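# Analysis of the macromolecular model
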Amino acid sequence: MAGRRTNLALLVALFLALVTGGLAFGVGTGWSRWATVAHGAVGFVILLLSPWKSAIARRGLARRRPDKVASLSLSVGVVAALVFGILHSSGIAQAIGPLTAMQLHVGFALLSLPVAVWHVMKRPVRLHRTDLGRRQTLRAGAVAAGGLAVVGAGELAFQAGGLRGADRRATGSYEQGSFAPDQMPVTQWLNDPVLALDPGEWRLTVGARVLNLDELLSYDDRLEATIDCTGGWYARQEWQGVWLSRLLAPTAGARSIEVMSLTGYGRLFPLRDLDHLLIATGVGGRPLSEGHGFPARLVAPSRRGFWWVKWLDRISLTERPWWLASPFPLT
Ligand code: HEM
Ligand code: HEM
Ligand SMILES: Nc1nc2c(c(=O)[nH]1)N[C@H]1C(S)=C(S)[C@@H](COP(=O)(O)O)O[C@H]1N2
Ligand SMILES: [Mo]
């Protein structure tokens, strides 16, 4: 394969890895499980292109040129992302020190992004008209099929080798602490503190109402739901509390539900979620632990863990459309 086309193929693959990775990470339920499969395929396409890219890189490195450090950092970043992606998915290593393989995977991929943009700007490749022709489309299809084949072969190898990777969920997450909340990890999105709150002082504002813990405990709504953290673990639990729709009625013009934590962490949900959200005060028949959001947290079935706001402070309706908010929390 010509060097120019290899670089173009890498450019497309890197872009798709970011898009499919973002979907696998941010949604990961329903239709988006296919994004997870596609993501694995795209990741392996990058791996499959590496013999050709190595030849290009060797040629480039033999030349006397500025900015090689960036090209080499990009190589380190992408190789590390590949290694940690495979360590996670196979289950060979789920945690390295205090971080999960998944966190390291995404971390290295995101660190590579600015370097990749820079590399492509310093080493531009020109598009030819024939690049979009039938021949190249067929080739691209063959490369994509190769990536998918490696995903399939990987799954078979995980089973044959008795690796934990064979047991992961469609999002790629591993079961941890189901129906045993004490064994479920405590996970913060970035740097939020774990709060220790006084249940007597604590109040929850829902629309125009202000409720204390006793008022919330007078309800006994129950729901079995799975929390699936983008860090790579999931747990199924029985949650107790009160359906949000019992406390909050839609108003004219409202488009979103804003759910805020006392830490300042918050999420904006589409109004259609109103009937599916539970304000949980307990899990597995016991009050929540501090780490899991005591006195109350949100349960957002079929949404990834970062939507399950802990240490609830305020829930309100807003006219602000939910899709204007960042798809991932920024704090
Ligand atoms: C997996 C992602 C990539 C890695 C790890 C990578 C790495 C490298 C390395 C180490 C070199 C040799 C050192 C240098 O010339 O600076 C290089 C050269 C080069 N890369 Fe990349 N690269 C990647 C993706 C891309 C993409 C997406 C493009 C363009 C669309 C590109 C275009 C080039 C060009 C034109 C050269 C110079 C080749 C020459 O001088 O003969 N690379 N790359
Ligand atoms: C340089 C960019 C990236 C590359 C080369 C890459 C590559 C890979 C590879 C090879 C796997 C293992 C797939 C398998 O064994 O089936 C993987 C898994 C995964 N990656 Fe990436 N990835 C990249 C970026 C990202 C980003 C930015 C995210 C999220 C924001 C992400 C999220 C995931 C997830 C959730 C999995 C687990 C999928 C599963 O276990 O089935 N990746 N990635
Ligand atoms: N206030 C607040 N709520 C939060 C977070 C956070 O950092 N701050 N992390 C979220 C993330 S990323 C996950 S996966 C779940 C984890 O819940 P757990 O710690 O009870 O397992 O809480 C969510 N709720
Ligand atoms: Mo999470």
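Residues numbered from 1 in each chain as written. Chains lettered and ligands numbered in written order. Predicted model: local features only at pLDDT ≥ 70, side-chain atom pairs only at ≥ 80, totals over all residues. Heavy atoms only, no water.

In the neighbourhood of ligand 3, 22 residues make up the surrounding shell, with Pro185, Asp192, His292, Arg297 and Lys310 lying closest. Between ligand 3 and the protein, one listed contact pairs an oxygen atom with a backbone N or O atom of Thr187 at 2.8 Å. Interatomic distance of 2.7 Å between a side-chain N/O atom of Asp192 and a nitrogen atom of ligand 3. Here the shell around ligand 3 is composed, by residue class, of 12 nonpolar, 7 polar and 3 charged. (Near = heavy atom within 4 Å. Polar contact = N/O pair within 3.5 Å; in protein donor to acceptor, adjacent residues only side chain to side chain. Nonpolar A, V, L, I, M, F, W, Y, C, P; charged D, E, K, R; others polar.)

The subject of this paragraph is the packing of aromatic side chains. For any pair of aromatic rings, geometry is given as the distance between the ring centres together with the angle between the planes. A full pass over the atoms with the stated rule returns 8 aromatic pairs. Between Phe25 and Phe328, the aromatic rings sit 5.9 Å apart at their centres with planes inclined by 50°, giving tilted as the arrangement. Taken together, the residues span a long stretch of sequence, with Phe25 in helix H1 (residues 3-26) and Phe328 in the segment after strand S13 (312-318) at a distance of 303 residues. Both rings, one in Trp189 and one in Phe306, keep their centres 5.1 Å apart while their planes meet at 55°; by these two values the pair is tilted. Here the residue Trp189 occupies a position in the loop between strand S3 (174-175) and strand S4 (203-206), and Phe306 occupies one in the loop between strand S12 (297-299) and S13, the gap between them amounting to 117 residues. Feature note: the residues Phe25, Trp189, Phe269, Phe306, Trp307 and Phe328 constitute an aromatic cluster, connected by ring pairs. The cationic tip of Arg169 hangs over the ring face of Tyr234; the distance from NZ or CZ to the ring centre is 5.3 Å. (Phe/Tyr/Trp six-rings, centres within 6.5 Å; stacked < 30°, edge-to-face > 60°. Helix = DSSP H or I, 4+ residues; strand = E, 2+ residues; numbered from the N terminus. Lys NZ or Arg CZ within 6 Å of the ring centre and 35° of its normal.)

Turning our attention to the coordination of the iron atom of ligand 1. Within the protein, Lys53 (NZ) and His119 (NE2) serve as the donor atoms for the iron atom of ligand 1, at 2.0 Å. Around the iron atom of ligand 1 sit 6 donor atoms; with metal-centred angles ranging over 86 to 179°, the donor geometry is octahedral. Of this pair, Lys53 sits in helix H3 (residues 50-62) while His119 sits in helix H5 (residues 101-122), placing them 66 residues apart in sequence. Its relative accessible area of 22% is what places Lys53 among the partly exposed residues. (Donors = N, O, S within 2.8 Å, 3.2 Å for Na, K, Ca; no water. Tetrahedral: all angles 85-135°; square planar, octahedral: opposite > 155°, others 65-115°. Buried < 20%, exposed > 50% of the residue type's maximum accessible area, 1.4 Å probe, protein only.)

This part takes up the coordination of the iron atom of ligand 2. Put simply, a metal with four donors set out as a tetrahedron has ideal angles of 109.5 degrees, and one with six donors set out as an octahedron has ideal angles of 90 or 180 degrees. Taken together, the protein donors to the iron atom of ligand 2 comprise His39 (NE2) and His105 (NE2), at separations of 1.9 to 2.0 Å. Around the iron atom of ligand 2 sit 6 donor atoms; with metal-centred angles ranging over 87 to 180°, the donor geometry is octahedral. One end of the pair, His39, is in helix H2 (residues 33-48); the other, His105, is in helix H5, and 66 residues separate them in sequence. On the accessibility criterion, His105 (14% relative accessible area) is buried.

Before going further, it helps to examine the packing of H2 against H3. It is the contact of H2 with H3, at a shortest axis distance of 5 Å, that shows an interaxial angle of 45°. In terms of orientation, H2 and H3 fall into the oblique class. Of the residues in H3, those touching H2 at Ile46, Leu47 and Leu48 are Ser50, Pro51 and Trp52. Its residues assigned to classes, the contact of H2 with H3 shows 5 nonpolar, 1 polar and no charged. (Axes fitted to C-alpha atoms, helices over the stretch in contact; angles between N-to-C directions. Parallel < 35°, antiparallel > 145°, perpendicular 65-115°, else oblique. Contact = heavy atoms within 4.5 Å.)

Bringing the side chain of Gln136 into the picture now. Tracing the backbone through its elements, the reader meets Gln136 in helix H6 (residues 134-160). If we ignore the near neighbours within four places in the chain, the residues touching Gln136 are Arg5, Thr130 and Asp131.

Residues in contact with ligand 1 amount to 19 residues; listed here are only the nearest, Lys53, Arg63, Ser71, His119 and Arg123. Within the side chain of Ser71, one N or O atom sits 2.5 Å away from an oxygen atom of ligand 1. Measuring from a nitrogen atom of ligand 1, one finds a side-chain N or O atom of His119 at 2.8 Å. For the shell around ligand 1, the secondary structure elements donating two or more residues are H1, H3, helix H4 (68-90) and H5. Per element, the largest residue contribution to the shell around ligand 1 is 6 residues, and it comes from H3.

Many descriptions give the size of an interface as the accessible area lost when the pieces come together. Domain boundaries in the protein define domain 1 (3-172) and domain 2 (177-324). Spacing between the C-alpha centres of domain 1 and domain 2 amounts to 35 Å. Every contact between the two is made by 12 residues of domain 1 and, on the other side, 11 residues of domain 2. Summed over both partners, the interface of domain 1 with domain 2 buries about 880 Å², with 50% contributed by carbon and sulfur atoms. At the surface where domain 1 touches domain 2, the tally comes to 1 salt bridge. Its salt-bridge partner being Arg169, residue Asp228 comes within 2.7 Å of it at the nearest N-O pair. Our count for the contact surface shared by domain 1 and domain 2 stands at 5 residue pairs in polar contact (both at pLDDT 80 or more). Among the elements that take part in the side of domain 1 that touches domain 2, H1 stands out by supplying 3 residues, more than any other. (Domains from an automatic or database assignment. Buried area = accessible area lost by both parts, 1.4 Å probe. Salt bridge = Lys/Arg side-chain N within 4 Å of Asp/Glu carboxyl O.)

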